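# Structure at a glance
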Amino acid sequence: MTTEQAPAGQTPEDQPAEVSNWDIVNHWFDVAADRLELRDDVAAVLRSSYREVQVQVPVSLGDGRIHVFSGFRVQHNGARGPYKGGIRFHPDVDLDEVRALAMLMTWKTAVVGIPYGGAKGGVNCDSRALEPRELQAIARSFMDKIEKVLGPTRDIAAPDVGTNAQTMAWLMDEYGKLHGHTPAIVTGKPIALEGSYGREAATGRGVIFVLEEALEHLDMELDGLTFAIQGFGNVGSWAARILHDKGGKLIAVDTVDGSIRSDAGIDPHRLHRFLYEESGDIDAFADSDSISKTEFLATECDVFIPAALGGAIHANNADTLNCRILLEGANSPTTPKADEILTDKGVYIAPDVVCNAGGVIVSYFEWVQNLQHFRWDEAEVNERLEKIIKRGFGDIAAKCRDDQTSPRIAAYELGIQRVVEASRIRGYIP
Ligand code: NAD
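Residues numbered from 1 in each chain as written. Predicted model: local features only at pLDDT ≥ 70, side-chain atom pairs only at ≥ 80, totals over all residues. Heavy atoms only, no water.

## Some details on the overall build of the protein chain
In terms of regular secondary structure, the protein chain is built from 14 helices and 12 strands. Relative to the compact-globule value of 22 Å for 430 residues, the protein chain shows a C-alpha radius of gyration of 21 Å, a close match. In terms of principal-axis extent, the alpha carbons of the protein chain reach across some 55 × 55 × 50 Å. Across the 430 residues that make up the protein chain, the buried fraction comes to 58%. A total accessible area of about 17500 Å² is found for the protein chain, and carbon and sulfur atoms account for 47% of it. The protein chain carries 43 positive and 64 negative side-chain charges, and their two centres are separated by 7 Å. (Helix = DSSP H or I, 4+ residues; strand = E, 2+ residues; numbered from the N terminus. Rg over C-alpha atoms; globule rule 2.2 N^0.38 Å. Buried < 20%, exposed > 50% of the residue type's maximum accessible area, 1.4 Å probe, protein only. Areas by Shrake-Rupley, 256 points an atom, 1.4 Å probe, with all protein chains shown as cover. Lys, Arg positive; Asp, Glu negative; His and termini not counted. Charge placed at Lys NZ, Arg CZ, Asp CG, Glu CD.)

Following this line, the structure appears as structure tokens:
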């Protein structure tokens, strides 16, 4: 769909992005590859995936009919270690989106210096409309189809949009039926099944560690900062709770079910309980006003955190954003055109490549603990996460200074350089 004509009932701000997630990731890859003067043939290797698997996921649902979903696993590049990446259950999942997310993961693991390649997976089902029994059947059927390309030293899965610790438990159990007990096949598992302390909150916690570094860079204080958050799932709700506990003030929240605002502040702990324990409707949350998505996007705040889907901030709504810092909790939330508009407005953008890397960092810790059959306590996990993600941010900041470029371009360049170096040493490329 073009951005020229909005369907009935949609404002220009609500429209889908002008480009796909794949276009977004590819755009930044091309810019960075050009600046690095990568040879065309080397760029072609790095742009394409090592392996792309598409499978049929037929599942009998509660209506008594067999529904055939499509499942995908894309392994982008494994020069630096086993493939690693989340599994998404969402109706919009397709090969292009999974391919984009896999490539982004390759640069992300390289930027924060953990020994993984990049992968991603997904099934085009609507997790919100399905019963737990149906989700379990989808997870097991999907694992049966892709297990041949996975393995604890080959490719390790994790949660993403529409999946959680429970989904990981089903995936691990199904893999175990074929290969024996193998906790290291997935990360983000429940604590009762060799999950890691701190993993559930890790992506949101990492987002706030990156904010702390950005604030120092911008000479700003955290205490009293106002923030708005799009997406109140795993990443968004944890980022909101952690920032609130450190002194930030949450003033607006947007989810797929509606948006709310309160200048007096929204307590994210209460909102989380209301949505997830009491099954409340967000528009009915006490002491806040229900607002439109357009009003949400225009919220005047210090920090805006997109933590939902890719392409949320695009050519037709970027100009309405009224923030000083954009913290990309989601993957590819900002299109290149939106990035340009925001940069021209003086917004500091902390890019997804480092900003949401906390999840994969603690997934790495979980994998290490599983391989050693040894458990770390939460304080140790959080301390190590802080060190690694802040080091990644520091490497990017140094490159920004040296090369006079944006954090996003610096991050892509750094990621690509590290993958090229590993590929050369292995003998994959000249
Ligand atoms: P989730 O399924 O737990 O939550 C998704 C949230 O997005 C929900 O609150 C939902 O209401 C909201 N949302 C969906 N569509 C929306 C729309 N059109 N408008 C407004 N809100 C909408 O997912 P998650 O795991 O929190 O992932 C969120 C983002 O973070 C994704 O881009 C994901 O790839 C990225 N990410 C997740 C992790 C992780 O560890 N889970 C790690 C790195 C990056």
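## A few points about the pattern of salt bridges
Note on pairing: side chains with opposite charge can pair once their charged atoms come close. As enumerated under the stated definition, the model contains 31 salt bridges in all. Arg-205 is paired through a salt bridge with Glu-378; the nearest N and O atoms lie 3.8 Å apart. Note that Arg-205 is positioned in helix H6 (residues 199-218) and Glu-378 in helix H13 (residues 378-403), a separation of 173 residues in sequence. For Glu-378, a relative accessible area of 36% puts it in the partly exposed group. Through salt bridges with shared partners, one network takes in Glu-212, Glu-213, Lys-246, Glu-386 and Lys-390. (Salt bridge = Lys/Arg side-chain N within 4 Å of Asp/Glu carboxyl O.)

## A short note on the site of the ligand
Looking at the ligand, there are 24 residues lining it, with Asp-160, Thr-203, Phe-232, Lys-293 and Ala-308 nearest. Within the side chain of Thr-203, a nitrogen or oxygen atom sits 2.8 Å from an oxygen atom of the ligand. Take Gly-329: an N or O atom from its main chain is 3.5 Å from an oxygen atom of the ligand. Starting from 830 Å² of accessible surface for the ligand in isolation, the protein chains cover 85%. Of the residues assigned to the shell around the ligand, the class counts are nine nonpolar, 10 polar and five charged. (Near = heavy atom within 4 Å. Polar contact = N/O pair within 3.5 Å; in protein donor to acceptor, adjacent residues only side chain to side chain. Nonpolar A, V, L, I, M, F, W, Y, C, P; charged D, E, K, R; others polar.)

## Here's the deal with the sheet that holds strand E2 (residues 66-77)
With mixed pairing, five strands are arranged side by side in an open sheet as E1-E2-E4-E3-E5. Unpaired on one side and paired on the other, strand E1 (51-60) and strand E5 (155-159) mark the two borders of the sheet. On average, adjacent strands in this sheet sit at an angle of 20 degrees to one another, irrespective of strand direction. (Pairing = 2+ DSSP bridges. Axes fitted to C-alpha atoms, helices over the stretch in contact; angles between N-to-C directions.)

## So, the nonpolar core
Counting 87 residues, the largest nonpolar core has Leu-46, Trp-107, Val-253, Leu-327, Ile-361 and Phe-365 as the members making the most contacts within it. For this core, the element with the highest residue contribution is H6, accounting for nine residues. One finds Val-59, Ile-87, Leu-135 and Tyr-175 within the second-largest nonpolar core, a separate group that totals 27 residues. (Core = buried A, V, L, I, M, F, W, Y, C linked by side-chain atoms within 4.5 Å.)

## Points about the layout of surface pockets
In this model, the second largest pocket occupies a volume close to 370 Å³. Lining the second largest pocket are 20 residues, and of these Tyr-50, Gly-78, Ala-79, Tyr-83 and Tyr-428 sit closest to its centre. Contributions of two or more residues to the lining of the second largest pocket are made by helix H2 (40-47), E2 and helix H14 (407-426). With three residues, the single largest contributor to the lining of the second largest pocket is E2. Taken together, the residues of the lining of the second largest pocket sort by class into eight nonpolar, nine polar and three charged. (1 Å grid on protein atoms, 1.4 Å probe; cavity = no way out; pocket = protein on both sides within 12 Å on 5 of 7 lines; lining within 4 Å. Points joined across faces, edges and corners; volume = space filled by probe spheres on them.)

That's the geometry; what it means functionally is another story.
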